[in-house]
Amino acid sequence: MIARTRLLAISRAMSTSTRSPTCPLSQFSACEISDALIKLGSPNGGHIPDIHMLSPTSQVKICAPAYTVQMVLASDNSTPKLSSHFVDTAPPGSVIVVDAPPQTKNAVWGGLMTAGAQARGAVGVIISGRCRDLAEHRAADFPVFARGHSTVGQSPFVRPSGVNVTLTIHPKDAGDSSDAFASVTVTPGDWIVADEDGVVCVPVDMVDKVAELAKKGQEIDAKCMADIKAGKGIQASFKEHRGK
């Protein structure tokens, strides 16, 4: 029953365009959503660290279901090869989430891919890796979030091996200690919220609970802000409205 419910939720998510009023997360910032996830027991607040907005140059917000892409080293002969380019199969209204091997220094996304993604109605790309052709993405006003950029492309370094697969995205330079920042699992159809503060992944079956807590947090912070601007101390404001 749980698996069936999740599949139905994913199907609804993938048919919804970005910032759609039917997405209850669109009214919240990435920070507000992370706070809600932490309260729900997430070890990382859904935050995919080290990924920053590189395009456009103005403020932008993504709120859309994930279409996932797994990259592997080109020397990897043990994983499948795709029959179609992964951009060509991106669903309208989705955000493309690409996970590249962490040791690579090449780009896995360029200007031609942005053009193809826009033509298919994708709303942005989140890259655990690097992109290139920054000027082209910015000229197209296409949202690109990545860990960095490069001058060299995919070949001969990496290749895509799967789409609509579960990704496990590890923090950059993550250690093995017990207090290391937890990796983030991105399942196809999970909601991605990205803005100038960063990128957050919300499991599709937690959206309603996250929205409920984020709304409460938003209201509490508004009260704290009003009091602090009026001269009340931060500690006193937190104690009154946050209870600590």
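Look up a bit, the structure's there.
This one's a predicted model, so the numbers in the text were calculated from it and none came from an experiment.

The next subject is unusual backbone geometry. With an omega of -5 degrees, the peptide bond between Ser55 and Pro56 qualifies as cis. In this model, Asp141 sits at a positive phi of 55 degrees, which is unusual for a non-glycine residue. A positive phi angle is found at Asn164, which is not glycine, with a value near 55 degrees. Looking at where Asn164 falls in the secondary structure, it is placed in the loop between strand E7 (158–163) and strand E8 (167–169).

With that settled, consider the nonpolar core. In this structure, Phe86, Ile96, Trp109 and Ile127 are the most contacted members of the largest nonpolar core, which totals 23 residues. For this core, the secondary-structure elements that each account for two or more residues are strand E3 (62–73), strand E4 (95–99), helix H3 (111–119), strand E5 (124–131) and strand E6 (144–149).

A few words now on the pairing of strand E10 (residues 191–195). Counting buried positions over the five residues of E10 gives five, a clear majority of the element. Of the two faces of E10, the one lined by Trp191, Val193 and Asp195 and the one lined by Ile192 and Ala194 are each fully buried. Inspection of the sheet shows E3 paired to E10 by four bridges, in the antiparallel sense. Among the inter-strand pairings, Cys63 is bridged to a residue of E10, identified as Val193. Relative to strand E11 (residues 198–202), E10 runs antiparallel, the two being bridged by five bridges. Across the sheet, residue Ile192 finds its bridge partner in E11, namely Cys201.

Let's shift gears to the packing of aromatic side chains. Enumeration over the complete set of coordinates arrives at two aromatic pairs. Measuring from ring centre to ring centre gives 6.2 Å for Phe86 and Trp109, while their planes differ by 40 degrees; the resulting arrangement is tilted. One end of the pair, Phe86, is in the loop between E3 and E4; the other, Trp109, is in the loop between E4 and H3, with 23 residues separating them in the sequence. With respect to class, Phe86 is no different from Trp109; both count as buried. Taken together, a centroid distance of 6.5 Å and an interplanar angle of 5 degrees make the contact between Trp109 and Phe142 stacked. Taken together, the residues Trp109 in the loop between E4 and H3 and Phe142 in the loop between helix H4 (134–139) and E6 connect sequence positions 33 residues apart. The same class applies to Trp109 as to Phe142, namely buried. Through pairs of rings, three or more aromatic residues link up here, namely Phe86, Trp109 and Phe142. For Arg242, the ring lying beneath its charged end belongs to Phe238, and the centroid distance is 4.2 Å.

Each value, and the rule that gives it
Positions within a chain are numbered from 1, following the residues in the order the chain's sequence is written. The predicted nature of this model means local features are confined to residues of pLDDT at least 70 and side-chain atom pairs, given and counted, to a pLDDT of 80 or more, with totals for whole chains, interfaces and linings taken over all residues. No hydrogens and no water enter the side-chain calculation; it runs on all heavy atoms of the structure. Under the scheme used here, helices are H or I runs from DSSP no shorter than 4 residues and strands are E runs no shorter than 2 residues, and both carry numbers assigned from the N terminus. Here, nonpolar core refers to any group of buried Ala, Val, Leu, Ile, Met, Phe, Trp, Tyr and Cys residues whose side-chain atoms link them within 4.5 Å. To sort residues, take the accessible area from a 1.4 Å probe on protein chains only and compare it with the maximum for the residue type: under 20% means buried, over 50% means exposed, and anything in between is partly exposed. Pairing between two strands is assigned when DSSP locates at least 2 bridges connecting them. Centres within 6.5 Å make a pair out of two Phe, Tyr or Trp rings, where for Trp the six-membered ring is used; the pair is then stacked when the planes are under 30 degrees apart, edge-to-face when over 60, and tilted otherwise. Criterion for a charge above a ring: Arg CZ or Lys NZ at most 6 Å from the ring centre, at most 35 degrees from the ring normal.

Shape descriptors only; they carry no functional weight alone.
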